[in-house]
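# Chains, contacts and geometry: an overview
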Amino acid sequence: MTDGTPERPWLLRTPPLSSEYEAWFDEAGGLPVLAVRVGTTLLHYDRAAIEDLRAMLTAHGDWMELGSADEQKEARPGTVEAWARSPENPRGGWYGLKKGLRGRFAMYVPPVLEHLGLAEVEHNPRNNRMRAVPPAPVVAGGDQSIS
């Protein structure tokens, strides 16, 4: 298993399972980023997107459509992609950091959360959704197994 570094990136698949790409945590311009390499294209997303997306999905409490779209296209309202561009999100706008390549957040970031065990992602040919995985319950007092 790889560890999500530039030397050992995660090999992931897009939600419809149609393409492979690499992702890892890195720094760019002194900022912590989630780097994504699709073919020869390198994308950067604000690393805070991981926890921010999980928190938004937890608050949402249900499945949310991904709605992936290129930067030049409008994101469908109520989707993960629309949230990732919204001035109402914790970043105050785009999580994508490379102008012209800021879109497709909902194609490449959700599988990272899935890989980290923070979210579930559907893998249908189209119209995939995701939801937060609830944190494991904390059991006080040691082993509470039921006999």
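As a starting point, this report considers the structure included with it. Predicted, not measured: the structure shown is a model, and the values here were computed from it.

## Some thoughts on the overall build of the chain
If you tally the helices and strands in the chain, you get four helices and seven strands. Shown N-terminal to C-terminal, the secondary structure of the chain runs as helices and strands in the order β-β-β-β-α-β-α-α-α-β-β. Here the C-alpha coordinates of the chain stretch approximately 55 × 35 × 30 Å along the principal axes. Taken across its 147 residues, the chain has 41% of its residues classed as buried. Long-range pairs, those at least 24 residues apart, make up 48% of the contacts in the chain with a sequence separation of at least 6. Total accessible area on the chain is roughly 8,300 Å²; 52% of this is exposed by carbon and sulfur atoms. Taking the average location of the 16 positive side-chain charges in the chain and that of its 20 negative ones, the two points are 6 Å from each other.

## Some details on the sheet that holds strand β3 (residues 31-38)
Strand order in the open sheet formed by four strands is β1-β2-β3-β4, and the pairing between neighbours is antiparallel. Each edge of the open sheet is held by one strand with a lone partner, namely β1 (10-13) and β4 (41-46). The average undirected angle you get between the axes of adjacent strands in this sheet is 35°. Pairing between β1 and strand β2 (residues 20-28): four bridges, direction antiparallel. The partner of L12 across the bridge, within β2, is Y21.

## Side note on the nonpolar core
Across soluble globular proteins, nonpolar side chains have a tendency to be buried as a group. Core analysis: the biggest nonpolar cluster contains 32 residues, and L34, L53, F105 and M130 have the highest contact counts within it. With five residues, the top contributor of residues to this core is helix α1 (residues 49-60). Not counting residues within four places of it along the chain, the set of residues in contact with L34 comprises W10, A23, W24, F25, L43, H44, Y45, R47, I50, V109 and V112.

## Brief notes about the pattern of salt bridges
Where side chains of opposite charge bring their charged atoms close, a pairing between them can arise. Scanning the model with the defined rule gives 10 salt bridges in all. Ionic pairing is found between D3 and R8, a salt bridge with its closest N-O pair at 4.0 Å. On the basis of relative accessibility, which here comes to 45%, the residue D3 falls in the partly exposed class. A relative accessible area of 40% means that R8 is categorised as partly exposed. Here R13 and E20 are joined by a salt bridge, their closest N and O atoms 3.3 Å apart.

Reading the values: rules and limits
- Residues numbered from 1 in each chain as written.
- Predicted model: local features only at pLDDT ≥ 70, side-chain atom pairs only at ≥ 80, totals over all residues.
- Heavy atoms only, no water.
- Helix = DSSP H or I, 4+ residues; strand = E, 2+ residues; numbered from the N terminus.
- Buried < 20%, exposed > 50% of the residue type's maximum accessible area, 1.4 Å probe, protein only.
- Contact = heavy atoms within 4.5 Å.
- Areas by Shrake-Rupley, 256 points an atom, 1.4 Å probe, with all protein chains shown as cover.
- Lys, Arg positive; Asp, Glu negative; His and termini not counted.
- Charge placed at Lys NZ, Arg CZ, Asp CG, Glu CD.
- Pairing = 2+ DSSP bridges.
- Axes fitted to C-alpha atoms, helices over the stretch in contact; angles between N-to-C directions.
- Core = buried A, V, L, I, M, F, W, Y, C linked by side-chain atoms within 4.5 Å.
- Salt bridge = Lys/Arg side-chain N within 4 Å of Asp/Glu carboxyl O.

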